[in-house]
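# Structural features, examined
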Amino acid sequence: MAVGGPGARSADGATLLALFVLAQFVIPARLVLRGLPMSLTVADIVALLLLLLWLLAQFTTTLGVAKGRNPVRTGIFTYGMVMLTCYGFAVLAYLPSDELNLADHSLVLLVGAVGLMLATCDGVRAPDRLDLVLKTVVVAGAIVSVVASLQYLLNIDLTTHMVIPGLRHTSVTDTTAVMSRADLRRVAGTLGHPIELGVVCAMIIPFGAHFAFQARSRGEPALRWWLCTVLIAAGLMFSVSRSAVLGLAAIGCVLFVGWPVRRWLVTLAALVAFLGAVKVAAPGLLGTFFSLFANAASDDSILYRTHDYPFAMLEAAKHPIFGRGAGTWYAYKHQVFDNQYLLSLVETGVVGAVAFVAVILCGLVVALRARALSADENVRNLALTIAACLLVPLVGAATFDLLSYPGVTALMFLLIGAAGAMLRMARDGVTGGGGVGDAGGGVSRA
C-alpha cells in the first residue's frame, strides 16, 4: 500500500522505525495506554507491531524485507532464547504475584526489543533510509533537549501539559521531571529520569555531528544539524549526569582514533565554544560537573552505588545460572542496584549477564565490519559512529541499571539493528537510495 501520490515513496521499514523513534522520545515516558493489564507505552505497542510485520514479511518475497543470515539476527535470536529460558526458570518456581507480573511485563518488553532490532536489521535496505531513521533520532533528541532546556532554565515543564487521549500517567514512573543536585536542577525532558536524558543525549550527539559533516561534504546545508547537535549537548549538560559524561568520553576515544585530524580539531574548537556558552548561560553548572569527578572518592552517590556489591553477589549466588527472573528485583520492594551488570546477575544469572554483553558487542563488531567493507567515507564514518555509541551501554551499565530505562534500551537495540543493516548493505554493494521496488526494503507495497 503506497503512501502519497504518483512518484511518492511507499511507506517502508524506515518509515515505521521513524514513527517508533518519535513515539519513544517525544511522548513523555510517564504516559502509558489506558485499559491494559500492564503499563505499555505507545512506543512499546509500535515495537510489538514491528515484530508482527517482520514475521508476516518473512512469508513473502514481494515486500523487500531482507532474509538470510546476518550476525545481528543470530545475536538477537540467541539473546532472545537466553532471556526466554531465564523467564521459564523463573516462573517454574513460585513467584509472588507482584514479581510474576513484572516478569511478564519484562517478557513483553523483550519481545518488542527483538522486533525493533529485526525491523531495523532487515527492513532498512538502503543508506538513505537508514539516514532517515537516524536523522529522526537526532531531531527527536533535539525536541527532548528543548523540553529539558525549558525545565532547567525557566522551570517550565511542558510534559505536565502533554495530555494525550487514551493515555494515562503511570504510578510507577510518575515522578517529577525536575530533580536537584548541588543546588542545581536536574531535568529529564520527556524521559523518565535525568540519567536517562544524559545518556540518550550522549548517544545521539555524534549522529548530529555526523550529519552536519556529511551535509558539508556534499555541499548541503549543515546549520540545521549543528543546531540540533548544540541543543542535544545542552540537554546532556542540564541532566547533570556523571554517566552521560563517561559515555561521551568513551565515544570520543573511538571517534578521535577514526576521524581525520581536521575533523577532531573542529570538534574540539566547537566543544570549547560550547562550554564557554554554558558557563555564561548556566552559572555553576560546569563547576558542578567538575566536582562530580574531582570529589568522586567521597561522593555520596558513588558510595551508595558501591556499598551494595557484596549484598548483590549474595543474591546472585542464590540463582547463579538463570537468575531469579528479569524484572523481579525492583526498587519499591528490594534494594536498588545502580549497576546493570549486578542487576543482570541477580535477575538473569551468569547466562543472562553474558548474553546482555554479547549482544552489544555483536552490534559493535558488526558496525566495524561494515566500516571495513565500505569505501564510502560517509558510510565509514556512520559505521564508526554506531560502533562508538554502542560503547555507551557497556560503560553505562556499570554506573546505573540501564535496562530499567526504556529510552536508553530502545536506542541501544535500534543501533545494534542499524549495524546489521549496514553490514547487509556493505555486503550487497548498496551505495545509494532505493525505493520499495529495489533496495529500499519496504514493509508495504502497492
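None of these values were measured; they are calculated from a predicted model.

## Thoughts on the nonpolar core
Membership of the largest hydrophobic core comes to 118 residues, with the highest contact counts inside it found for Phe20, Tyr79, Phe207, Leu285, Ile386, Leu411 and Leu415. Excluding residues within four positions of it along the chain, Phe207 makes contact with Leu134, Val138, Leu382, Thr385, Ile386, Cys389 and Leu415. Ala312, Trp329, Phe337 and Leu343 belong to the second largest nonpolar core, which has 7 residues in total.

## Examining the packing of helix α3 (residues 71-92) against helix α4 (residues 97-123)
Two numbers describe how α3 lies on α4: the axes approach to 10 Å, and their chain directions differ by 170 degrees. Considered as vectors, α3 and α4 are oriented roughly antiparallel to each other. Residue-level contacts link Val72, Arg73, Ile76, Tyr79, Gly80, Met83, Leu84, Tyr87 and Val91 of α3 to Leu100, Ala103, Asp104, Leu107, Leu110, Val114, Met117, Leu118, Cys121 and Asp122 of α4. Counted by class, the contact of α3 with α4 contains 15 nonpolar, 1 polar and 3 charged residues.

## Quick notes on the pattern of salt bridges
Under the counting rule described, the total for this entry stands at 6 salt bridges. The shortest N-O distance in the salt bridge between Arg129 and Asp12 comes to 2.8 Å. Of this pair, Arg129 sits in helix α5 (residues 127-154) while Asp12 is found in the segment before α1 (13-25), placing the two residues 117 residues apart along the sequence. Between Arg324 and Glu99 there is a salt bridge, with its nearest N and O atoms 3.4 Å apart. Of this pair, Arg324 sits in the loop between α12 (309-318) and α13 (340-373) while Glu99 sits in helix α4; the two residues are 225 residues apart in sequence, bridging distant segments of the chain. Here Arg324 falls in the buried class, since its relative accessible area comes to 17%. The class of Glu99 is buried, set by a relative accessible area of 3%. Sharing partners across several salt bridges, the network here consists of Arg73, Asp122 and Arg424.

## Here we look at helix α14 (residues 377-389)
Residue pairs three or four apart in sequence face the same way in an α-helix, which turns once every 3.6 residues. Over its 13 residues, α14 extends 18 Å from the first C-alpha to the last, a length consistent with the 18 Å expected when each residue adds 1.5 Å. The N-cap residue of α14 is Asp376: its side-chain oxygen and the backbone nitrogen of Asn378 are 2.8 Å apart.

## Examining the side chain of Arg371
With respect to the secondary-structure elements, Arg371 resides in helix α13. No salt bridge forms around the buried Arg371; measuring N to O, its nearest opposite-charge neighbour Glu377 is 5.8 Å away. Not counting the four nearest positions on each side in its chain, Arg371 is found in contact with Gly258, Arg380, Ala383 and Leu384.

## As for the layout of surface pockets
Considered as a void within the structure, the second largest pocket measures approximately 770 Å³ in volume. Taken together, 28 residues make up the lining of the second largest pocket; nearest its centre are Ile205, Ala233, Leu248, Thr267 and Leu271. Counting residues per element, the ones that place at least two in the lining of the second largest pocket are α6 (194-217), α7 (223-239), α8 (242-258), α9 (261-281) and α10 (285-294).

## A word on the packing of α5 against α6
Look at α5 against α6: their axes get within 9 Å of each other, and the N-to-C directions meet at 125 degrees. The angle between the axes of α5 and α6 places the two elements in the oblique class. In this structure, the crossing between α5 and α6 has a hand that is left-handed. The residues of α6 that touch α5, namely those facing Asp131, Leu134, Lys135, Val137, Val138, Gly141, Val144, Ser145 and Ala148, are Leu197, Cys201, Ile204, Phe207, Gly208, Phe211 and Gln214. By residue class, the composition of the contact of α5 with α6 is 10 nonpolar, 4 polar and 2 charged.

## Regarding helix α16 (residues 406-428)
With 23 residues, α16 ought to run about 33 Å at 1.5 Å a step, and its terminal C-alpha atoms sit 33 Å apart, in line with that. α16 sits mainly inside the fold: 19 of its 23 residues count as buried. Gly429, located one to two residues past α16, shows a positive phi value of around 70 degrees.

## Structural notes on the packing of aromatic side chains
Scanning all chains against the criterion turns up 13 aromatic pairs. When the centroid spacing of 6.0 Å and the interplanar angle of 50 degrees are considered together, the rings of Tyr79 and Phe413 count as tilted. Of this pair, Tyr79 sits in helix α3 while Phe413 is found in helix α16, placing the two residues 334 residues apart along the sequence. Cluster of aromatic residues (ring-pair linked, three or more members): Phe213, Trp226, Phe256, Trp259 and Trp264. Sitting over the ring of Trp259, Arg263 keeps its end group 5.7 Å from the ring centre.

Conventions and cut-offs
Residue numbering note: each chain is counted from 1, following its sequence as written. Reporting in this predicted model follows two pLDDT cut-offs: at least 70 for local features of residues, and 80 or more for side-chain atom pairs to be given and counted; totals over whole chains, interfaces and linings ignore these cut-offs and use all residues. To obtain the side-chain values, all non-hydrogen atoms of the structure were used and water was disregarded. Grouping buried Ala, Val, Leu, Ile, Met, Phe, Trp, Tyr and Cys residues that are joined through side-chain atoms within 4.5 Å yields what is termed a nonpolar core. Three exposure classes are used, based on accessible area relative to the maximum for each residue type with a 1.4 Å probe and protein chains only: buried under 20%, partly exposed in between, and exposed over 50%. Contact definition: two residues touch when any of their heavy atoms are within 4.5 Å. Every angle, taken between N-to-C directions, lies between 0 and 180 degrees, and every axis is a line fitted to C-alpha atoms, over only the stretch in contact when it is a helix. Helix numbering and strand numbering both begin at the N terminus, where a helix is a DSSP run of H or I of at least 4 residues and a strand a DSSP run of E of at least 2. Small angles under 35 degrees read as roughly parallel and large ones over 145 as roughly antiparallel, with 65 to 115 read as roughly perpendicular and the rest as oblique. When residues are sorted by character, Ala, Val, Leu, Ile, Met, Phe, Trp, Tyr, Cys and Pro go into the nonpolar class, Asp, Glu, Lys and Arg into the charged class, and all the rest, Gly among them, into the polar class. One speaks of a salt bridge when a side-chain nitrogen belonging to Lys or Arg is within 4 Å of a carboxyl oxygen belonging to Asp or Glu. To estimate how far a helix should reach, multiply one less than its number of residues by 1.5 Å. Each polar contact in these results corresponds to two N or O atoms within 3.5 Å; when the atoms are within protein, one needs to be able to donate a hydrogen and the other to accept it, and residues that are neighboring in sequence are counted only if both atoms are side-chain atoms. Here Asp and Glu are counted as negative and Lys and Arg as positive; His is not counted, and neither are the chain ends. Both cavities and pockets are sets of points on a 1 Å grid over the protein atoms alone; in a cavity a 1.4 Å probe fits but cannot get out, in a pocket the set is open with protein on both sides within 12 Å along at least five of seven lines, and lining residues sit with an atom within 4 Å of a point. Grid points are joined across faces, edges and corners, and a volume is the space filled by probe spheres set on the points. Crossing chirality is assigned from the near helix's rotation relative to the far helix, an anticlockwise turn below a right angle marking it left-handed and a clockwise turn marking it right-handed. Two rings from Phe, Tyr or Trp (for Trp, the six-membered ring) form a pair when their centres sit within 6.5 Å of each other. Planes less than 30 degrees apart are called stacked, planes more than 60 degrees apart edge-to-face, and all others tilted. Here, a charge over a ring means that NZ of Lys or CZ of Arg falls within 6 Å of the ring centre while also lying within 35 degrees of the ring normal.

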